[in-house]
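# Analysis of the macromolecular model
Listed below are the residues making up each chain.
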Amino acid sequence: MQWSDRMRLTFSQDPGLQRAEAVASIHRGKVGRIYLGGGWVGDRSHPFALAEVRWRLQRGATVFARARLLERSVEGGQPKAVTDGMLGISWALALQPGD
């Protein structure tokens, strides 16, 4: 669903992996984007919240920071709250056919 040029809401589900998430994205022109969302992994007993910020440096290069708060249990132990995060740069390459 797209409310305007700057705001979108998406929902995706992968039945094989039992994962679903809803994400709202806010666009600040073509340079910046903010993603906020939530969902679950497994049988809905492991919900998570996520946030991501993307900033375009130049055409094809984007810096991003992502954080996700979720519950994990290791080897059948008690579930514990975990925050995982990622910082990075993504590069895109455009190939154009020659004459």
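Structure: see above.
Summary of the structure given here. (Residues numbered from 1 in each chain as written. Predicted model: local features only at pLDDT ≥ 70, side-chain atom pairs only at ≥ 80, totals over all residues. Heavy atoms only, no water.)

## Brief notes about the packing of aromatic side chains
Applicable threshold: Here is the rule: rings of Phe, Tyr and Trp (six-membered ring for Trp) pair when centre to centre is within 6.5 Å. Planes less than 30 degrees apart are stacked, more than 60 are edge-to-face, and the remainder are tilted. Either the NZ atom of lysine or the CZ atom of arginine qualifies as a charge over a ring when it sits within 6 Å of the ring centre and within 35 degrees of the ring normal.
What the rule picks out here adds up to zero aromatic pairs. A cation over an aromatic ring shows up here: R68 above the ring of F48, its NZ or CZ 5.6 Å from the ring centre.

## With respect to the sheet that holds strand 5 (residues 61-72)
In any sheet, the strands associate via hydrogen bonds between backbone groups, in a parallel or an antiparallel arrangement. Quick reminder of the rule: By this definition, two strands are paired if DSSP reports at least two bridges between them. By the criteria applied, helices consist of DSSP H or I runs no shorter than four residues and strands consist of E runs no shorter than two, each listed in order from the N terminus. Structural elements are reduced to axes, namely lines fitted to C-alpha atoms, with helices fitted over the stretch in contact, and the angle between N-to-C directions of any two is expressed from 0 to 180 degrees.
Reading across from one edge, 1-2-3-4-5-6 is the order of the six strands in this open sheet, with antiparallel pairing throughout. Edge positions in the sheet fall to strand 1 (7-14) and strand 6 (80-91), since each of these pairs with one other strand and no more. Across the sheet, the mean angle from the axis of one strand to that of its neighbour is 15 degrees, orientation sign disregarded. Pairing of strand 4 (residues 46-58) with strand 5, which is carried by 10 bridges, proceeds in the antiparallel orientation. Bridge pairing in strand 5 links W55 to V63.

The quantities given are spatial measurements derived from coordinates; they are silent on function.
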